[in-house]
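A look at the structure
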Amino acid sequence: MVSPSSHLNWPPIAGVISDLDGVLYRGDAAIADAIEAFGRWQAAGLPFCFVTNNSTHTPEDVVHKLEAFGIAIGPNEVVTSAIAAAELARTNYPGAKRVYVIGAASLLNAVAAVGLDVTDREPEIVVMGLDRHITHEKMRIAVEAILKGAAFIGTNPDLLLPTANGFEPGAGAMITAVAAATRTKPLIVGKPEPHMIETALSRLGSVRSATLMIGDQIATDIQAGKGAGLPTVLVTTGVPPREDPALARPDFIVSSLAEIEVPTAPVGTPRQRRA
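What you see is a predicted model; the values in this text were computed from it and never measured. Numbering of residues begins from 1 in every chain and follows the order in which that chain's sequence is written. Two thresholds apply to this predicted model, a pLDDT of at least 70 for residue-level local features and 80 or more for giving and counting side-chain atom pairs, whereas whole-chain, interface and lining totals are computed over all residues. For the side-chain quantities, the full set of heavy atoms in the structure was used; hydrogens and water were omitted.

**A closer look at empty space enclosed by the protein**
Think of a 1 Å grid over just the protein atoms. A cavity is a set of points where a 1.4 Å probe fits yet cannot get out, a pocket is an open set with protein on both sides within 12 Å along at least five of seven lines, and lining residues have an atom within 4 Å of a point. Grid points are joined across faces, edges and corners, and a volume is the space filled by probe spheres set on the points. Applying the stated rule across the entire model yields 2 cavities of 30 Å³ or more. Computed from the structure, the largest cavity encloses a volume of approximately 130 Å³. Mapped by element, the contributors of at least two residues to the lining of the largest cavity are β10 (160-162) and α8 (218-227). Here the residues of the lining of the largest cavity sort into 3 nonpolar, 5 polar and 6 charged. Quantified by volume, the second largest cavity comes out at close to 40 Å³. Residue lining of the second largest cavity: Asn53, Asn54, Ser55, Leu130, Asn156, Leu161 and Ala171, and that is the complete set. Amino acids are sorted into nonpolar (Ala, Val, Leu, Ile, Met, Phe, Trp, Tyr, Cys and Pro), charged (Asp, Glu, Lys and Arg) and polar (every other residue, Gly among them). Residues belonging to the lining of the second largest cavity are distributed by class as follows: 3 nonpolar, 4 polar and no charged. Helix numbers and strand numbers start at the N terminus; a helix is a DSSP run of H or I with at least 4 residues, a strand a run of E with at least 2.

**Topic: the side chain of Thr56**
Locating Thr56 in the fold gives a position in the loop between β4 (48-52) and α2 (59-68). Its relative accessible area of 15% is what places Thr56 among the buried residues. Any pair of N or O atoms that falls within 3.5 Å is considered a polar contact. Within protein, one atom must be able to donate a hydrogen and the other to accept it, and sequence-neighbouring residues count only if both atoms are side-chain atoms. A polar contact of 2.5 Å, which involves the side chain of Thr56, links it to the side chain of Asn54. Sequence-distant contacts of Thr56, defined by excluding residues within four places in its chain, comprise Asp61, Ala104, Ser106, Leu130 and Arg132. Note on exposure labels: buried denotes an accessible area under 20% of the residue type's maximum, exposed denotes more than 50%, and partly exposed covers the range between, all computed with a 1.4 Å probe on protein chains only. Should any heavy atoms of two residues lie within 4.5 Å, those residues are considered in contact.

**Concerning the packing of aromatic side chains**
Geometry of aromatic contacts follows a simple scheme: Phe, Tyr and Trp rings, the Trp one being its six-membered ring, pair when their centres are within 6.5 Å, and the pair is stacked under 30 degrees between planes, edge-to-face over 60, tilted otherwise. Within this structure, the stated rule accounts for 6 aromatic pairs. The interplanar angle of 55° and the centroid separation of 5.4 Å between the aromatic rings of Phe48 and Phe50 together place this pair among those described as tilted. Of the two residues, Phe48 and Phe50, both sit in the buried class. Ring pairs connect the aromatic residues Phe38, Trp41, Phe48 and Phe50, which therefore count as one cluster. Counting as a charge over the ring demands two things of the Lys NZ or Arg CZ atom: a distance within 6 Å of the ring centre and an angle within 35 degrees of the ring normal. In this structure, Lys65 packs its charged tip against the face of Tyr25, placed 4.0 Å from the ring centre.

**Let's talk about the packing of helix α5 (residues 136-147) against helix α6 (residues 171-182)**
The packing of two helices is summarised by the inter-axis angle and the distance between the axes. One can describe the packing of α5 onto α6 by two numbers: an axis separation of 10 Å at closest approach and a directional angle of 45°. Between α5 and α6, the interaxial angle falls into the category oblique. Crossing of α5 over α6 shows right-handed handedness. Facing Met139, Ala142, Val143, Ile146 and Leu147 of α5, the residues of α6 in contact are Met174, Ala177, Val178, Ala181 and Thr182. Residue composition of the contact of α5 with α6, grouped by class: 9 nonpolar, 1 polar and no charged. Note on method: axes are straight lines fitted to C-alpha atoms, helices fitted across the in-contact stretch only, with angles between N-to-C directions ranging 0 to 180 degrees. Roughly parallel refers to an angle under 35 degrees, roughly antiparallel to one over 145, roughly perpendicular to one between 65 and 115, and oblique to any angle outside these ranges. Definitions for this section: a left-handed crossing has its near helix turned counterclockwise from the far helix by less than a right angle. A right-handed crossing has that turn clockwise.

**Topic: unusual backbone geometry**
The peptide bond linking Lys191 to Pro192 adopts the cis configuration, its omega dihedral lying at 25°. Looking at the secondary structure, you find Pro192 in the loop between β12 (187-188) and α7 (195-204). A positive phi angle, close to 45°, is found at Glu122, a residue other than glycine. Positive phi, close to 55°, is recorded for Arg183, a residue that is not glycine. Following the sequence through the fold, Arg183 ends up in the loop between α6 and β12.

**Thoughts on the pattern of salt bridges**
Should a side-chain nitrogen of Lys or Arg be within 4 Å of a carboxyl oxygen of Asp or Glu, the pair is scored as a salt bridge. Tallied over the full model, the rule gives 12 salt bridges. With a shortest N-O distance of 3.4 Å, Lys65 and Asp28 are connected by a salt bridge. Within this pair, whereas Lys65 is found in helix α2, its partner Asp28 is found in the loop between β2 (25-26) and β3 (29-30), the two being separated by 37 residues in sequence. Its relative accessible area of 17% is what places Lys65 among the buried residues.

**Concerning α8**
In terms of residue burial, α8 counts as a mostly covered element, since 7 of its 10 residues are buried. Inspection of α8 places Ile218, Thr220, Asp221, Ile222, Gln223, Ala224 and Gly225 among the buried residues, and these make up the whole buried set. Against α7, β13 (211-215) and β14 (232-235) lie the buried residues of α8. A positive phi of about 80° marks Gly229, the residue just after α8.

As structure tokens, then:
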């Protein structure tokens, strides 16, 4: 385990917002240092909330996965891009009812849960997330609907997802194909947009300047944190960083979450509620 004496100039830390895949685990394999760090922070009473671009998991799925790694949280401490996409579809397009969904069952259920009809018949909105059973026919229906005027929502732009043995194509790879075919820019819900960060921040109740945003990807996690005005931490346990001078740099770079120095008693933040 990496020593926490990193000598970095850490700000007062009253809360943590963190990505999951590539930070706490890779696929189904836990990242031991990260699990230990969150365990220590939880024991110290530091509130945290997880934000994930992965639309294939429900908050309950995340709760059960982290429980198996030894971290006990409630569903209210998880914000997913599936839930955020469904809410955005309902609020941004109040006159629309019919939605064509490409994604996992969690995304279909999230859209249905906000009162929208999931259908491939004359959809007014197309919502796309990660679909590990993507077919040409699914993409054809999406392309046709968008060309006929349907709104286009993407859960997240991640091109790669870390796995236990390497990487796999992410939702962004599929969304990009439909966007290229229709020459239509999708409305992206997940990181790098700050929507989920703002939701997590409101649940924590901590001040921005003392709330860390932790992630493994500069293009998504770090940009979302910067967009929400949070100090950002890049941990190099996930997708290898790609140099892009157009992107805002993280405030801190660590190889292990053990390097993050947190106070024994969190500063000026109410203890988070378990849900």
